Amino acid sequence: MPGPTVIPVQGDATLPAKVDVVVIGGGIIGTSTALELAERGLKVALCEKGGIGQEQSSRNWGWVRISRRDPREVPLMAEALRIWKTLDQRVEGDTGYTRAGIMFTCATDKEYADHERWNRNLDGYQLDSRMISGSEYRRMFPGTTMDIKGALFTAEDGRAEPQRAAPLIAEAARRKGAAILTECAVRGVETSGGAISGVVTERGPIACSAVVLAGGAWSSLFSGRFGIRLPQLKVKNSVLRTKPLEGGPEPAIWSNGFAVRKRADGGYTIASGHENVVDIVPNSFRFFFDFLPALRKEWRSLNLRMGSRFFEEARVPKQWAMDEVSPFERCRVLDPEPAKELTDVALANLTKAFPVFAKAEIAQRWAGYIDVTPDAVPVISPVEAIPGFHIATGFSGHGFGIGPAAGKLMADLVTGRPPLVDPANFRFSRFSDGSKIELISGF
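Since the structure is predicted, the reported quantities are computational estimates derived from the model, not experimental observations.

Let's talk about the overall build of the protein chain
Then, number 1: Regarding its fold elements, the protein chain presents 13 helices and 21 strands.
Then, number 2: For the C-alpha atoms alone, the extent of the protein chain along its principal axes is close to 65 × 45 × 40 Å.
Then, number 3: Per-residue burial over the protein chain gives 59% buried out of 443 residues.
Then, number 4: Here the analysis covers contacts within the protein chain between residues at least 6 apart in sequence; of these, 76% occur between residues at least 24 apart.
Then, number 5: Split by element, the accessible area of the protein chain, about 17600 Å² in all, is 51% carbon and sulfur.
Then, number 6: Within the protein chain, one finds 55 positive and 51 negative side-chain charges whose respective centroids are separated by 1 Å.

Thoughts on the nonpolar core
Then, number 1: Of all hydrophobic cores here, the largest spans 67 residues; its most connected members are Val23, Ile28, Trp63, Val64, Leu76, Trp84 and Ile380.
Then, number 2: The dominant element in this core, judged by the number of residues it contributes, is helix H3 (residues 74-91), at 10 residues.
Then, number 3: The residues contacting Ile28, other than those within four sequence positions of it, are Ser57, Trp84, Ala165, Ala166, Ile169, Gly399, Phe400, Gly403 and Pro404.
Then, number 4: Ala179, Val199, Cys208 and Phe389 belong to the second-largest nonpolar core, a separate cluster that totals 34 residues.

Considering the sheet that holds strand S11 (residues 204-207)
Then, number 1: Strand order in the open sheet formed by three strands is S9-S10-S11, and the pairing between neighbours is antiparallel. Strand pairing shows two members of the sheet lacking a second neighbour, strand S9 (186-192) and S11, which therefore form its edges. Along the sheet, successive strands turn relative to each other by an average axial angle of 30°, direction set aside.

A short note on the sheet that holds strand S8 (residues 179-181)
Then, number 1: If you walk across this open sheet you meet the six strands as S8-S2-S1-S12-S21-S20, and the pairing is mixed. Strand pairing shows two members of the sheet lacking a second neighbour, S8 and strand S20 (379-382), which therefore form its edges. When the angles between neighbouring strand axes are averaged without regard to direction, this sheet yields 15°.
Then, number 2: Note: strand S12 (residues 210-213) against strand S21 (residues 389-393), three bridges, orientation parallel. Looking at S21, one finds that Val211 is bridged to Phe389.

Section: the side chain of Thr393
Then, number 1: For Thr393, the location among the structural elements is in strand S21.
Then, number 2: On the basis of relative accessible area, Thr393 is assigned to the buried category, the value being 1%.

Description of the packing of H3 against helix H13 (residues 399-415)
Then, number 1: For the pair H3 and H13, interaxial distance at closest approach is 8 Å and the crossing angle is 100°. Viewed along their axes, H3 and H13 adopt a mutual orientation that is roughly perpendicular. Contacts between H3 and H13 involve Leu76, Met77, Glu79, Ala80, Ile83, Trp84 and Leu87 on the former and, on the latter, Phe400, Gly401, Ile402, Pro404, Ala405, Ala406, Lys408 and Leu409.
Then, number 2: Within the contact of H3 with H13, the residues separate by chemical class into 12 nonpolar, one polar and two charged.

Re the environment of Ala38
Then, number 1: Following the sequence through the fold, Ala38 ends up in helix H1 (residues 28-39).
Then, number 2: With 392 residues separating them in the primary sequence, Ala38 and Arg430 have C-alpha atoms 29 Å apart.
Then, number 3: For Ala38, the contacting residues outside a window of four places in its chain are Val44, Ala173, Lys176 and Ala178.

Some points on the packing of aromatic side chains
Then, number 1: The tally for this structure, following the rule as stated, stands at 16 aromatic pairs.
Then, number 2: Ring centres 5.8 Å apart and planes at 90° place the aromatic pair Phe141 and Phe354 in the edge-to-face group. Taken together, the positions of Phe141 in the loop between helix H5 (134-140) and strand S6 (150-154) and Phe354 in the loop between helix H12 (340-353) and strand S19 (362-372) put the pair 213 residues apart, joining distant regions of the chain.
Then, number 3: You can call Phe141 buried: its relative accessible area is 6%.
Then, number 4: The rings of Trp218, Phe222, Phe226, Trp320, Phe328 and Phe389 are connected pair by pair, giving a single aromatic cluster.
Then, number 5: The cationic tip of Arg225 hangs over the ring face of Trp320; the distance from NZ or CZ to the ring centre is 5.9 Å.

How each quantity is defined
- Residues numbered from 1 in each chain as written.
- Predicted model: local features only at pLDDT ≥ 70, side-chain atom pairs only at ≥ 80, totals over all residues.
- Heavy atoms only, no water.
- Helix = DSSP H or I, 4+ residues; strand = E, 2+ residues; numbered from the N terminus.
- Buried < 20%, exposed > 50% of the residue type's maximum accessible area, 1.4 Å probe, protein only.
- Contact = heavy atoms within 4.5 Å.
- Areas by Shrake-Rupley, 256 points an atom, 1.4 Å probe, with all protein chains shown as cover.
- Lys, Arg positive; Asp, Glu negative; His and termini not counted.
- Charge placed at Lys NZ, Arg CZ, Asp CG, Glu CD.
- Core = buried A, V, L, I, M, F, W, Y, C linked by side-chain atoms within 4.5 Å.
- Pairing = 2+ DSSP bridges.
- Axes fitted to C-alpha atoms, helices over the stretch in contact; angles between N-to-C directions.
- Parallel < 35°, antiparallel > 145°, perpendicular 65-115°, else oblique.
- Nonpolar A, V, L, I, M, F, W, Y, C, P; charged D, E, K, R; others polar.
- Phe/Tyr/Trp six-rings, centres within 6.5 Å; stacked < 30°, edge-to-face > 60°.
- Lys NZ or Arg CZ within 6 Å of the ring centre and 35° of its normal.

Take it as geometry only, folks, not as evidence of what the structure does.
Here you go:
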């Protein structure tokens, strides 16, 4: 099943012998980190096993939102909104960023009260976010048939094009001096005196004093290769896109039955508002107790499936030698089969709410693997056990919008600058220091 068409990025032919920092992973987190570090004058090599932005960074919904985030992410996302406003000028390209607003609908009085309560997390940020009534919602969308209690409308939120953002950021990093190395999997790290001294890639070694692992759904496997336990699972999200359609909503909308956002090409990206597929795999048992609180809270929205994926992942080696082909070379791009039934239901629900979508023509479907942590909050952190090793992963479906700020925070941590925001909520050690792991938000 072919994934979305991503702006192609030609990788550099020459492998640098030595840099200051190696960034592993060419999604929006890795490219944003590389750009920040390169802009600060560091020598950077970004290593991507496949192509830039070809996995979840190009397969997500394209929402740039602060609304309905886990409150622990709000300060970082507020910084991300500021970065997005000038990102096109910075990368010298069109990411498709548009401040068009995002709407979270409320079908019941309880949902309205829950959204109203959540909105207090934005107190003091001076952002345009407010509750609206059902009648105001219908005035905003005269073509809708939805009968709802109201909605949380955050005009400050927006959208961008996932197939464009990471490649443009990567090219900007290259203009600042970073080496962009595609089809160049990192097989492992090397240490000297217990600290990072380099990496070994499929094309040879690179000496460095710091590594940032921004490997998305691959991060747990990579970390486990040298004894770092990173509790992380994959959730499959399926979407469809339509051909250009006149008369649809301008703001993005989330409801129990669908999620929709307008694309720069005039079409729409559509997905289920709350259902995802979770394949039961060996790591489901390995990390069972880590994820048990999340399972208890979110089980209604998860389609748990036992199938061929279990055996595929069981066959993936957990250890490999630096001089042999790694799992990252055997699978350059995760391209799962989309759950057609979920996207069909989402489109049907959307058509009931906005009859104009009865004219929509489906252009493409795809799926991607979201990398999730037990508390659905990312890890943006050094790893104390290996000085110089850092992890930026586990964004749990919230990574696209927050990506530019996550990259800036990661660069702060690598360089020792005062951090953009307090990084305590994103520390890797929370999974092992006895902290209570709590899933606060289901969005």
